[in-house]
Amino acid sequence: MIRIPPLAALLLLLAVPAVAGAPTPAAFDRFVRETGPACALKASSACFERIFRFADRDRDGALDLTELEGLQTRGREWLLGHSRELPPADKQAAVLTLLAVDFVGLDRLFASYDADGDGLLTREEASADLTLDERPVPVLVEDPDAVDWDRLMERLGTGAAVLKDVLPRRSAS
């Protein structure tokens, strides 16, 4: 059974017909099978870096919308082909993430992270709502202060409705 922590699923799937520059299905499968377990055990900062490098197909050090569309396409294809291998909670997180991104639109979500409006996401822009550190993703995501859930939900707009009951949130003080 393949284990993909929910935050890793979010990062992978934000990560449409196939687009030029998209990873091959075999490369995406290998990436998921290697990255899911690594993100469950290694530093969230290393997990993010690994995902960012994989998504950066042209190796320019930034992500453009086409690269993320390719990642999203492969993520959907992979999920359809491997959903029976995923634990129910991971499958639910992946499906709900795709739905949330569809509601808001990948282009609008991309624009909400593109702070300088240059059409590229730097590592800093892409991780703006995360406090990445040495904790593995499953530990990080349980810390309500490590993810700016309010800002993330704001970015997702109407798409937030499908995620609000599955993602950890800071309890009201």
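Here the structure is shown first, and the text comes after it.
If you're wondering where the values come from, they're calculated on a predicted model, not measured in any experiment.

## Examining the environment of G159
By the secondary structure assignment, G159 is in the loop between helix 9 (149–156) and helix 10 (160–163). For G159 and D102, which are 57 residues apart along the polypeptide, the C-alpha to C-alpha distance reads 7.4 Å. Residues in contact with G159, not counting those within four places in the same chain, are A100 and F103.

## Focus on the packing of helix 4 (residues 65–82) against helix 5 (residues 88–104)
Each packed pair of helices is defined by two parameters, the angle between the axes and the distance between the axes. Axis separation between helix 4 and helix 5 bottoms out at 11 Å; the angle between their running directions is 145°. Considering the relative orientation of helix 4 and helix 5, their crossing is left-handed. Every residue of helix 5 that contacts helix 4 at Q72, R76 and L79 is listed here: A94, V95, L98, V101 and D102.

## Some words on the side chain of E67
With respect to the helices and strands, the residue E67 is situated in helix 4. One buried charged residue, E67, remains without a salt bridge, the closest side chain of opposite sign being R59 at 6.7 Å. A distance of 3.0 Å separates a polar side-chain atom of E67 from the backbone nitrogen of R57. Discounting chain neighbours no more than four positions away, the residues touching E67 are A55, D56, R57, D58 and A62.

## Side note on the nonpolar core
Counting residues in hydrophobic clusters, the biggest one holds 35 residues, and the most contacted among them are L68 and L156. Listing elements by their share of this core, those giving two or more residues are helix 2 (25–41), helix 3 (44–55), helix 4, helix 5, helix 6 (106–113), helix 8 (137–142) and helix 9.

## As for the environment of V139
Note on placement: V139 falls in helix 8. Of the residues examined, V139 reaches a relative accessible area of 44% and is grouped as partly exposed. As for V139 and L41, which are separated by 98 residues in sequence, their C-alpha atoms are 9.3 Å apart.

## Quick word on the pattern of salt bridges
Tallied over the full model, the rule gives 11 salt bridges. As a salt-bridge pair, E34 and R50 come within 3.7 Å of each other at their nearest N and O atoms. Highlighted residues: E34 in helix 2 and R50 in helix 3, separated in sequence by 16 residues. Here R50 falls in the partly exposed class, since its relative accessible area comes to 27%. Here R123 and E49 are joined by a salt bridge, their closest N and O atoms 2.8 Å apart. With R123 in helix 7 (residues 123–126) and E49 in helix 3, this pair connects stretches of sequence that are 74 residues apart. When its relative accessible area of 26% is taken as the criterion, R123 is described as partly exposed. A relative accessible area of 23% means that E49 is categorised as partly exposed.

About the thresholds
Residues numbered from 1 in each chain as written. Predicted model: local features only at pLDDT ≥ 70, side-chain atom pairs only at ≥ 80, totals over all residues. Heavy atoms only, no water. Helix = DSSP H or I, 4+ residues; strand = E, 2+ residues; numbered from the N terminus. Contact = heavy atoms within 4.5 Å. Axes fitted to C-alpha atoms, helices over the stretch in contact; angles between N-to-C directions. Left-handed = near helix turned anticlockwise from the far one by under 90°. Buried < 20%, exposed > 50% of the residue type's maximum accessible area, 1.4 Å probe, protein only. Lys, Arg positive; Asp, Glu negative; His and termini not counted. Salt bridge = Lys/Arg side-chain N within 4 Å of Asp/Glu carboxyl O. Polar contact = N/O pair within 3.5 Å; in protein donor to acceptor, adjacent residues only side chain to side chain. Core = buried A, V, L, I, M, F, W, Y, C linked by side-chain atoms within 4.5 Å.

All quantities given are derived from atomic positions and should not be read as evidence of function.
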